[in-house]
Amino acid sequence: EWFQLTIASKVKSLPVSAGQKDAWHEIVLFNDEVNTFDWVIHCLMEICEHSPEQAEQCAVITHYKGKCAVKSGSYAELEPRCSSLLERGLSAEIN
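Numbering of residues starts from 1 in each chain and follows the order in which that chain's sequence is written. Confidence filtering applies because this is a predicted model: local features only for residues at pLDDT of at least 70, side-chain atom pairs given and counted only at 80 or more, and all residues used for totals across whole chains, interfaces and linings. Hydrogens are left out, water is left out, and the side-chain values use all remaining heavy atoms of the structure.

Draft legend 1. Region of the structure containing helix H3 (residues 52-65). Strands are runs of DSSP state E lasting at least 2 residues, helices are runs of H or I lasting at least 4, and numbering of each runs from the N terminus. Helix span is expected to be 1.5 Å times the residue number reduced by one. The terminal C-alpha atoms of H3, which comprises 14 residues, lie 20 Å apart, in line with the 20 Å expected from a rise of 1.5 Å per residue. Of all the positions in H3, only Ala-55, Cys-58, Ala-59 and Thr-62 are classed as buried. Each buried residue of H3 lies within a common arc of 100 degrees when the element is viewed along its axis, so the set occupies one face. Exposed and facing more than 90 degrees away from the buried side of H3 are Glu-53, Gln-57, Tyr-64 and Lys-65. Gly-66 sits one or two residues past H3 and shows a positive phi near 95 degrees. Per-residue accessibility, obtained with a 1.4 Å probe over protein chains only, is compared with the maximum for each type, and a residue is labelled buried under 20%, exposed over 50%, and partly exposed between these values. What the arc describes is the spread of directions from the helix axis to the C-beta atoms.

Encoded structure:
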């Protein structure tokens, strides 16, 4: 059976000023003990538009390092993607 990759269930919610919303940000994905590699890979491909290889690499990094930056861009670009990851049971935050 495949390794399980899980994403933390808690997400930090920080207030964002207008200036921060225009800066460059990253979605950081966190490891947990719930979600499978296959599910995380599927979500990264669907939501973050990763290739299968990129999604798998991010899943492995998240599993072994505890977190991984999976998408970068403006706050406005990342907010709906991060929300979609959260809705699917993954744990992520925008930094």
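Draft legend 2. Representation of the pattern of salt bridges within the structure. Salt bridge criterion: a side-chain nitrogen from Lys or Arg within 4 Å of a carboxyl oxygen from Asp or Glu. This structure, assessed with the given rule, holds two salt bridges. Of the charged contacts in the structure, one is a salt bridge between Glu-46 and Arg-88, with a shortest N-O distance of 2.9 Å. Here Arg-88 lies in the loop between helix H4 (75-87) and strand E3 (91-94) and Glu-46 lies in helix H2 (residues 37-48), a separation of 42 residues in the sequence. The class for Glu-46 is partly exposed, based on a relative accessible area of 43%. With its nearest N and O atoms 3.5 Å apart, the salt bridge here joins Glu-49 to Arg-81.

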